[in-house]
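For reference, the chains in residue letters:
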Amino acid sequence: MIETLDRGGASATTDEALMQDISRQRHDALAELYGRHRQRLRATIDGVVHEEAETDDILQEILLQIWQEANR
């Protein structure tokens, strides 16, 4: 079951609170974190690898690692 963020609004939720929610396996929290930081992450990765497909793969690996290790 996917729960929704029940705080005052997603924009008011801190990254730290999102990480706590991600550690509880809340998909919507990961989606919110991704939405906030995707452009910056993509630009940083693309500045190193210069290939869109590889950028996508690396970004996916980062998100997977966040999902798996959020409780650390």
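From a predicted model like this one, the values you see are computed outputs, not experimental measurements.

J.: Where do I start with the pattern of salt bridges in this structure?
T.: Note that side chains of opposite charge can pair when their charged atoms are close. As enumerated under the stated definition, the model contains seven salt bridges in all. Of the charged contacts, one joins Arg 36 and Asp 15 as a salt bridge, the two residues approaching to 2.7 Å between their closest N and O atoms. Of this pair, Arg 36 sits in helix 2 (residues 27–49) while Asp 15 sits in helix 1 (residues 15–23), and the two are 21 residues apart along the sequence. Residue Arg 36 is classed as partly exposed on the basis of its relative accessible area of 27%.

J.: Just to check I follow, could you spell out unusual backbone geometry for this structure?
T.: For residues besides glycine, phi is generally negative; the peptide bonds are generally trans as well. Phi is positive for Gln 25, which is not a glycine, with a value near 65 degrees. Examined against the element boundaries, Gln 25 turns out to sit in the loop between helix 1 and helix 2. Given a relative accessible area of 41%, Gln 25 falls into the partly exposed group. Not every positive phi belongs to a glycine, and His 50 is a case in point at roughly 60 degrees.

J.: Just to check I follow, could you spell out the nonpolar core for this structure?
T.: It is characteristic of soluble globular proteins that their nonpolar side chains tend to be buried jointly. Judged by nonpolar contacts, Leu 18, Ile 22, Ala 29, Leu 30, Leu 33, Leu 63, Trp 67 and Ala 70 together constitute the single largest core of eight residues. Elements represented by at least two residues in this core include exactly helix 1, helix 2 and helix 3 (52–69). Ranked by residue count, the leading element in this core is helix 2, at three residues. Apart from residues lying up to four places away in sequence, Ile 22 is in contact with Ala 29, Leu 30, Leu 33, Ile 66, Trp 67 and Ala 70.

Calculation criteria
- Along every chain, residues carry numbers that run from 1 in the direction the sequence is written.
- Local features in this predicted model are restricted to residues whose pLDDT is 70 or higher, and side-chain atom pairs enter the listing and the counts only when it is 80 or higher, whereas totals over whole chains, interfaces and linings include all residues.
- Hydrogens and water are ignored here; the side-chain numbers use all heavy atoms of the structure.
- The term salt bridge refers to a side-chain nitrogen of Lys or Arg lying within 4 Å of a carboxyl oxygen of Asp or Glu.
- In this text, helices come from DSSP runs of H or I with a minimum length of four residues, and strands from runs of E with a minimum of two, each type numbered from the N-terminal end.
- Per-residue accessibility, obtained with a 1.4 Å probe over protein chains only, is compared with the maximum for each type, and a residue is labelled buried under 20%, exposed over 50%, and partly exposed between these values.
- Here, the term nonpolar core denotes a set of buried Ala, Val, Leu, Ile, Met, Phe, Trp, Tyr and Cys residues that are joined through side-chain atoms within 4.5 Å.
- Any two residues whose heavy atoms approach within 4.5 Å at even a single point are treated as in contact.

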